[in-house]
Amino acid sequence: MYIVLDMSTSFYTPIEDIEKIHERAHAAYRSGKLKSIAYRKEQIAQVGYLLQDNEQRFVDALKLDLGRPHLETILAAYDNIEEWTKIQKPAFNIKFWAMNPHMRAEPKGVLLAIAPFNAPVYMLLTPLVGAIAGGNAAVLKPSEQVPETAKLIAELVPKYLDRDLFHVINGGIPETTRVLELQWDHILYTGNGRVARIISAAAAKHLTPVTLELGGKNPVVIDPRCDIQMAARRILWGRTCNAGQICLAPEYVLVPESFQDTFVEALKEVHESFYPNGAKNSDSYARIISVAQANRLKKLIDSTKGKIVFGGEVDAPQRYVAPTLVKDVRPDDPLMEDELFGPILLIIPVRDVDEAISIINERDHPLAVYAFSSDKAFLKKVFENTESGAAVANETLISAGVPGLPMGGIGASGHGYYTGKHMFEEFTHLRIAIDNPGWVDKIAFSFRFPPYGPTATKDALRALSTSLPPRPSKTKEAPVVTKWGLWLVVLLASGTSIVLSGPGQSFIKQLKA
């Protein structure tokens, strides 16, 4: 039994309150509360207890746990925040050591996180942990398509977290439009490319950095020598998990023509084992987020020129789309035009792995490329000749949950990261610092101040020169000579002044003579 979504807008944030929330979050950030590492750790811990204390409420709100921040994400931030925020020093350089050059990660300001419907808890609270670790305030915008979860998050965030620093804005297009008119210090958006372009354009007006997680059509390349049962099981699980509404889900499988029927039979067996009484009667199978999305998927299924092996049934009022396998799909099939975001798995027969790679590279870069093979050379060929956010061998989906690995895409599948330390780095910037003592000028820096004499000019010009590596056309290897010289950054500025000055011109005339 699945709940009927309450699509009431009564819980939406009044548009006139959005700017007030924006101002309050910025004022709280400027107060400096989060400069305290101890306070950051306290708030991170509270995110953990928000989840632990209300886990059943989140599950009840969705009738399916669509994902929550992994415990490792919270613990990693809590345990490592002192290490992540400590002062960093560059490699020792005798020319600059007196300046005490160093840097450290500082917060960007106020983060805006806009989450999707398919992982509303995970994609809001995970970046929230990263924002807190980095010392940022945050405003969270849940998807209006999961109203029960959105209302629950709006209720719990002010109960568990600092009410001035952290806020929730609920609403649809008008509310989101107003939010995007305001200036934020960083925006994280998870969703589709169409909306990502709108958000990126709005952010560009304020030169606001953006992190995008967009998904795409994730391919699977099959080596006939792979463990076929394992491959079929893991691929079908990845495709039907949350009814295919996961950005990392495999979308189409590239198999040798002679192996297509064998692989299809394996998928049919796995499908029967997953749903012996039918997926519609299974408590292990999810529903599509809305009637409109179910109807969209039905039109796509009806339009395919491929052959439906199993599934194809759609009960739009119940938001049910059966797990569907379509074979003999061509690369130009309607099902291959855009990301499906539903439980439809496509089988594309190819001549060989080279054609498979060619088909992948003709499309936008996906969030993940999957390959199943026990042959390292086969896997290497697939991964080294394609581009994606992740290269995953003999598995699907779970790469996002591996502690220490960043989650992110490339090109049309997004950019930036939002897990672990990489998430902390995404929401901070490195602020560099030097402190140059006065005695340095007496030893090595006096040359930069005018007037410039001929000797200073000659020394400066020599110091500006450096040895290049051997020309590529030369076959004989020569050692690369490194000259210490004087500080290059200063010389680039002062050397130009010297050359253009009177003594510099005099020196150049002498050289010509």
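### Structural notes on the nonpolar core
Step number 1: Counting 96 residues, the largest nonpolar core has Leu128, Phe166, Ile222, Ile235, Val253 and Phe263 as its most contacted members.
Step number 2: The dominant element in this core, judged by the number of residues it contributes, is helix H5 (residues 122-133), at 9 residues.
Step number 3: The contacts of Val253, once residues within four sequence positions are left out, are Val220, Ile222, Ile235, Phe263, Leu345, Leu346, Ile347 and Ile348.
Step number 4: One finds Tyr275, Leu300, Ile360 and Val382 within the second-largest nonpolar core, a separate group that totals 38 residues.

### Notes on the sheet that holds strand E12 (residues 324-327)
Step number 1: The strand order across the open sheet formed by 7 strands is E9-E12-E13-E8-E7-E14-E15, and the pairing between neighbours is mixed. The open sheet is flanked by strand E9 (307-310) and strand E15 (390-393), the only strands paired with a single partner. Looking at each pair of strands side by side, their axes are set apart by 25 degrees on average, direction ignored.
Step number 2: In this structure, E9 lies alongside E12, joined through 3 bridges in antiparallel fashion. Bridging from a neighbouring strand, Ile308 pairs with Val326 of E12.
Step number 3: Sheet strands touched by helix H13 (residues 376-384): strand E7 (218-222), strand E14 (368-372) and E15. Its angle to E14, the strand with the most contacts, is close to 160 degrees.

### Some words on helix H10 (residues 260-274)
Step number 1: Here H10 is 15 residues long and its end C-alpha atoms lie 21 Å apart, about the 21 Å a rise of 1.5 Å per residue gives.
Step number 2: When we look at burial in H10, the residues that qualify are Gln260, Phe263, Val264, Ala266, Leu267, Val270 and His271. All buried residues of H10 project into a common sector of 160 degrees when viewed along the axis, lining one side.
Step number 3: Against E7, helix H9 (228-240), strand E8 (250-256), E9, E12 and strand E13 (344-350) lie the buried residues of H10.

### Brief notes about the sheet that holds strand E4 (residues 166-168)
Step number 1: Judged by pairing direction, the sheet is mixed, and its 6 strands sit side by side in the order E4-E3-E2-E5-E6-E16 without closing on themselves. Of all strands in the sheet, those with a lone pairing partner are E4 and strand E16 (414-415), marking the two edges.
Step number 2: As defined by bridge partners, strand E2 (residues 110-114) adjoins strand E3 (residues 137-141) across 5 bridges and the pair is classed as parallel. What sits directly across from Ile114, in E3, is Lys141.

### Examining the packing of helix H12 (residues 353-361) against H13
Step number 1: Their axes nearest at 10 Å, the elements H12 and H13 cross at an angle of 25 degrees. Comparing their axes, H13 and H12 come out roughly parallel. In this structure, H12 meets H13 at a crossing whose hand is right-handed. Here Val353, Asp354 and Ile357 of H12 lie close against H13, whose contacting residues are Phe378, Lys381 and Val382.

### Observations concerning the packing of helix H2 (residues 37-53) against H5
Step number 1: Running from N to C, H2 and H5 point in directions that differ by 165 degrees, and their axes come no closer than 9 Å. Accordingly, the angle class assigned to the pair H2 and H5 is roughly antiparallel. In the crossing of H2 with H5, the sense of the turn from one axis to the other is left-handed. Residue-level inspection shows Arg40, Gln43, Ile44, Val47, Leu50 and Leu51 of H2 in contact with H5, the latter providing Leu125, Leu128, Val129, Ile132 and Ala133.
Step number 2: Grouping the amino acids of the contact of H2 with H5 by side-chain chemistry returns 9 nonpolar, 1 polar and 1 charged.

### What about the side chain of Asn136?
Step number 1: With respect to the secondary-structure elements, Asn136 resides in the loop between H5 and E3.
Step number 2: In this structure Asn136 comes out as buried when scored by relative accessible area, which is 2%.
Step number 3: At a separation of 2.9 Å, a polar atom in the side chain of Asn136 contacts the main-chain amide nitrogen of Gly109.
Step number 4: Setting aside its immediate chain neighbours within four residues, Asn136 contacts Tyr29, Leu34, Pro107, Lys108, Gly109, Ala131, Phe166 and Phe427.

### Considerations on the pattern of salt bridges
Step number 1: Here the structure, examined in full by the defined rule, presents 27 salt bridges.
Step number 2: Here Asp17 and Lys20 are joined by a salt bridge, their closest N and O atoms 3.9 Å apart. With a gap of 3 residues between them, Asp17 and Lys20 both fall in helix H1 (residues 15-30), about one helical turn apart.
Step number 3: When its relative accessible area of 54% is taken as the criterion, Lys20 is described as exposed.
Step number 4: Between Arg225 and Asp375 there is a salt bridge; the shortest N-O distance is 3.0 Å.

Conventions adopted
Residues numbered from 1 in each chain as written. Predicted model: local features only at pLDDT ≥ 70, side-chain atom pairs only at ≥ 80, totals over all residues. Heavy atoms only, no water. Core = buried A, V, L, I, M, F, W, Y, C linked by side-chain atoms within 4.5 Å. Buried < 20%, exposed > 50% of the residue type's maximum accessible area, 1.4 Å probe, protein only. Helix = DSSP H or I, 4+ residues; strand = E, 2+ residues; numbered from the N terminus. Contact = heavy atoms within 4.5 Å. Pairing = 2+ DSSP bridges. Axes fitted to C-alpha atoms, helices over the stretch in contact; angles between N-to-C directions. Expected span 1.5 Å × (residues − 1). Arc of directions from axis to C-beta. Parallel < 35°, antiparallel > 145°, perpendicular 65-115°, else oblique. Left-handed = near helix turned anticlockwise from the far one by under 90°. Nonpolar A, V, L, I, M, F, W, Y, C, P; charged D, E, K, R; others polar. Polar contact = N/O pair within 3.5 Å; in protein donor to acceptor, adjacent residues only side chain to side chain. Salt bridge = Lys/Arg side-chain N within 4 Å of Asp/Glu carboxyl O.

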